[in-house]
Amino acid sequence: MAAAEAAAAPGGGGCSPAGGGSVPVLFCFSVFARPSSVPHGAGYELLIQKFLSLYGDQIDMHRKFVVQLFAEEWSQYIDLPKGFLVSERCKVRLVPLQIQMTTLGNLTPSSTVFFCCDMQERFRPAIKYFGDIISVGQRLLQGARLLGIPVIVTEQYPKGLGSTVQEIDLTGAKLVLPKTKFSMVLPEVEAALAEIPGVRSVVLFGVETHVCIQQTALELIGRGLEVHIVADATSSRSMMDRMFALERLARTGIIVTTSEAILLQLVADKEHPKFKEIQNLIKASAPESGLLSKV
């Protein structure tokens, strides 16, 4: 449909007149919104090119996307009308389509990073099953070293909350970073990820499930990364907060799994050169850390 028809169609609004050879457009992606402009009469392809120029370092080109237009008539975004041409000031966003469940979760060491979140000494008396998740976290980090998987570690306000617990061996970690933001997605973390070619998946564990883990996971999937949360290596002060967070995250397409599943998926084959060493890590079953109270 022509631009005028798009504006007149139900839901085709969300724009106000603008003159000249270019039209101001607000480009939204994930949690970001950046004002820019496109030539009058620009269509879908030019909008995509502009999204790539603004957010190219954060868009996973292996995923499919849809462009949506903000419709003032409905006070929400609608799919970009067929044949839409930009003729007026408007707001558009790029939305990643949900990957089919059958394609989710294929972990390989070469495309995976481990995130260890805030496993600190001051949390020891407050976090439910903290000893259990420390034990599982040790296994995961040992597995990461065996398989050559990069590890990124954060510590929430270590000046007041202490460093990572001594039981957690951070030898070989790519980055150990203090933070005050709840999410681990900091500029330094994004820079570290950019240095690792082909990263597709993040294995995430630590505390607290409903705060730092949840906010980190949501930001990561907003950037097109696949997130695996290790349920037996993450906890909160409250089991209610922990379980509701895991359920919420699972509904968003984040994979909630266990440490043994992660490690065996990464080796994938009994003939893997590190299989025996990984097998030794999981010979004794991981502690249940209260998860079976739901069963």
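Residues numbered from 1 in each chain as written. Predicted model: local features only at pLDDT ≥ 70, side-chain atom pairs only at ≥ 80, totals over all residues. Heavy atoms only, no water.

The protein is annotated in an unreviewed UniProt entry as Isochorismatase domain-containing protein 1 from Mycteria americana. According to the UniProt record, the Sequence similarities (unreviewed entry) comment for the protein is "Belongs to the isochorismatase family." (UniProt positions renumbered as here; feature names shortened; annotations may be inferred.)

### Some thoughts on the overall build of the protein
What the protein contains, in helices and strands, is 9 helices and 12 strands. Taken across its 295 residues, the protein has 47% of its residues classed as buried. When contacts within the protein are restricted to residue pairs at least 6 apart in sequence, those whose partners lie at least 24 apart make up 73%. Looking at the protein as shown, the accessible area adds up to about 14,300 Å², and 55% of this sits on carbon and sulfur atoms. (Helix = DSSP H or I, 4+ residues; strand = E, 2+ residues; numbered from the N terminus. Buried < 20%, exposed > 50% of the residue type's maximum accessible area, 1.4 Å probe, protein only. Contact = heavy atoms within 4.5 Å. Areas by Shrake-Rupley, 256 points an atom, 1.4 Å probe, with all protein chains shown as cover.)

### As for the state of the cysteines
Applying the stated rule across the entire model yields 0 disulfides. The closest cysteine sulfur to the non-disulfide-bonded Cys116 is located on Cys117, 7.7 Å from its own sulfur. (Disulfide = S-S within 2.5 Å.)

### Quick word on the sheet that holds strand S10 (residues 201–207)
Spatial strand order, S9-S8-S7-S10-S11-S12: 6 strands in an open sheet with parallel pairing. Every interior strand has two partners, whereas the edge strands, strand S9 (175–179) and strand S12 (255–257), have only one. Within the sheet, the average angular offset between the axes of one strand and its neighbour, ignoring direction, is 20°. Note that strand S8 (residues 151–156) and S9 share 5 bridges and pair parallel. For Glu155, the partnering residue across the bridge sits in S9 and is Pro178. Against the sheet, helix H6 (residues 209–222) contacts strand S7 (112–117), S8, S9, S10 and strand S11 (226–235), and its axis sits at roughly 165° relative to S10. (Pairing = 2+ DSSP bridges. Axes fitted to C-alpha atoms, helices over the stretch in contact; angles between N-to-C directions.)

### Observations concerning helix H8 (residues 259–267)
Owing to its 3.6 residues per turn, the α-helix brings residues three or four apart onto one side. Considered for burial, the residues of H8 that qualify are Ser259, Ile262, Leu263, Leu266 and Val267. Down the axis of H8, the smallest arc covering the buried residues is 125°, so these residues share one side. Looking at the packing, one finds that the buried side of H8 touches S7, helix H3 (130–147), S10, S11, S12 and helix H9 (275–281). A positive phi of about 70° marks Ala268, the residue just after H8. (Arc of directions from axis to C-beta.)

### Quick look at the pairing of S10
For a regular strand, the rule is simple: side chains alternate between the two faces of the sheet. Most of S10 sits inside the fold, with 7 of its 7 residues counted as buried. Residues Ser201, Val203, Phe205 and Val207 point to one face of S10 and Val202, Leu204 and Gly206 to the other, with burial holding for every one of them. Bridge count for S7 against S10 is 6 bridges, and the pairing is parallel. Within S10, the position partnered with Phe114 by the bridge is Val203. Judged from the 6 bridges that link them, S10 and S11 form a sheet pairing that is parallel. Looking at S11, one finds that Val207 is bridged to Ser235. Taking the sense of rotation as the criterion, the β-α-β connection linking S10, H6 and S11 turns out right-handed. (Right-handed = clockwise from strand over helix to strand, strands pointing away.)

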